[in-house]
Amino acid sequence: MTVECAGLLFDNDGVIVSSIASVNRCWRRWAAHYGVPNAEKVEIAHGTRAVEIMQKLVPGVDVAEGLKLIEDMEIDDLHDIEVLPGVRKLLENLPKDKWAIVSSATYRLLVARLKGADLPVPEFIVSGDRVVKGKPHAEPYLKGAAMIGVAAGDCLVIEDAPSGVKAGKAAGCRVLGVLGTHTAEELREAGVDWVVGSLVGVTAVGFGGGLRVSFEAL
């Protein structure tokens, strides 16, 4: 499968890096700090902003205080962060003005994860604390497309979570799903256009002012 697009918009966690072990550890510690019952069994909805997770776990929580606490915990817990297969090669070959990261993580945490994984920090970043409405709302991906100066409908989103797939589709983007945190069935139910097992074998080359992206869809 070959897709022509004006730019690529990547989710971060679950697409570029995996920090799921850290996320689970830290959110359970956070929940215990606030006295959430059965904190050791707390499950986090992947691809959701911290502010929404906090408000669900502890209604009425002081958002600024809670956000700083979970950020500090996660930034201090990066020892087992992993760069996902195929990512380095794909990013190294992308023109810097043709891609952005669109993440539910805060800017501070997102940059810490990229640096912890020894990956480049892109010029264009849309983080969860820099939008009014997070995924599955269209705003994050609309903002990402605007950052690189192209129409959202001309972008290809790469996502691993149903909330992100829905956000990309709501923005009018085409969406390539990557397996890892969710099944192909879950991604297809969310409206994904194509699914790949990983970013290994996904290539992107400059073409007519945009990109030509090739991959083997499942």
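Residues numbered from 1 in each chain as written. Predicted model: local features only at pLDDT ≥ 70, side-chain atom pairs only at ≥ 80, totals over all residues. Heavy atoms only, no water.

Q: Just checking my understanding: could you explain the nonpolar core for this structure?
A: Looking at soluble globular proteins, one finds that nonpolar side chains tend to be buried together. If you look at the biggest cluster of nonpolar residues, it comprises 36 residues, and the most contacted ones within it are L8, F10, I16 and V213. Setting aside residues no more than four positions away along its own chain, V213 makes contact with M1, T2, V3, C5, L8, L156, V202, T203 and A204. Counting 23 residues, the second-largest nonpolar core is a separate cluster that includes V102, C155, A171 and C173. (Core = buried A, V, L, I, M, F, W, Y, C linked by side-chain atoms within 4.5 Å. Buried < 20%, exposed > 50% of the residue type's maximum accessible area, 1.4 Å probe, protein only. Contact = heavy atoms within 4.5 Å.)

Q: Could you clarify how one ought to interpret the packing of aromatic side chains in this entry?
A: The geometry of an aromatic ring pair is captured by two quantities: the separation of the ring centres and the angle between the planes. Counted by the stated rule, this structure contains four aromatic pairs. Taken together, the ring pairs in this structure connect W27, W30 and Y34 into an aromatic cluster. Across the ring face of Y107, the terminal group of R130 is positioned such that the distance to the ring centre comes to 3.9 Å. Over the ring of F207 we find R212; its NZ or CZ atom is 3.7 Å from the centre of that ring. (Phe/Tyr/Trp six-rings, centres within 6.5 Å; stacked < 30°, edge-to-face > 60°. Lys NZ or Arg CZ within 6 Å of the ring centre and 35° of its normal.)

Q: How should I be thinking about the pattern of salt bridges in this particular structure?
A: Between side chains of opposite charge, a pair can form when the charged atoms approach closely. Inspection of every chain in the model, using the stated rule, returns 13 salt bridges. For K68, the salt bridge goes to D72, with nearest N and O atoms at 2.7 Å. With K68 and D72 both in helix 3 (residues 63-75) and four residues apart, this pair spans about one turn of that helix. A salt bridge links R108 to D72; the shortest N-O distance between them is 2.5 Å. (Salt bridge = Lys/Arg side-chain N within 4 Å of Asp/Glu carboxyl O. Helix = DSSP H or I, 4+ residues; strand = E, 2+ residues; numbered from the N terminus.)

Q: Explain the pairing of strand 11 (residues 210-214) to me, please; I cannot follow it from the model alone.
A: Along a regular strand, successive side chains alternate from one face of the sheet to the other. Sheet topology note: the strand 1 (residues 2-5)/strand 11 ladder contains four bridges and is antiparallel. Considered in strand 11, the bridge of E4 is made with R212. Note: strand 10 (residues 203-207) against strand 11, five bridges, orientation antiparallel. Residue A204 lies in a different strand from strand 11, and its bridge partner there is V213. The antiparallel pairing of strand 10 with strand 11 creates a hairpin that spans two residues between the two strands, and G208 there sits at a positive phi of about 55°. (Pairing = 2+ DSSP bridges.)

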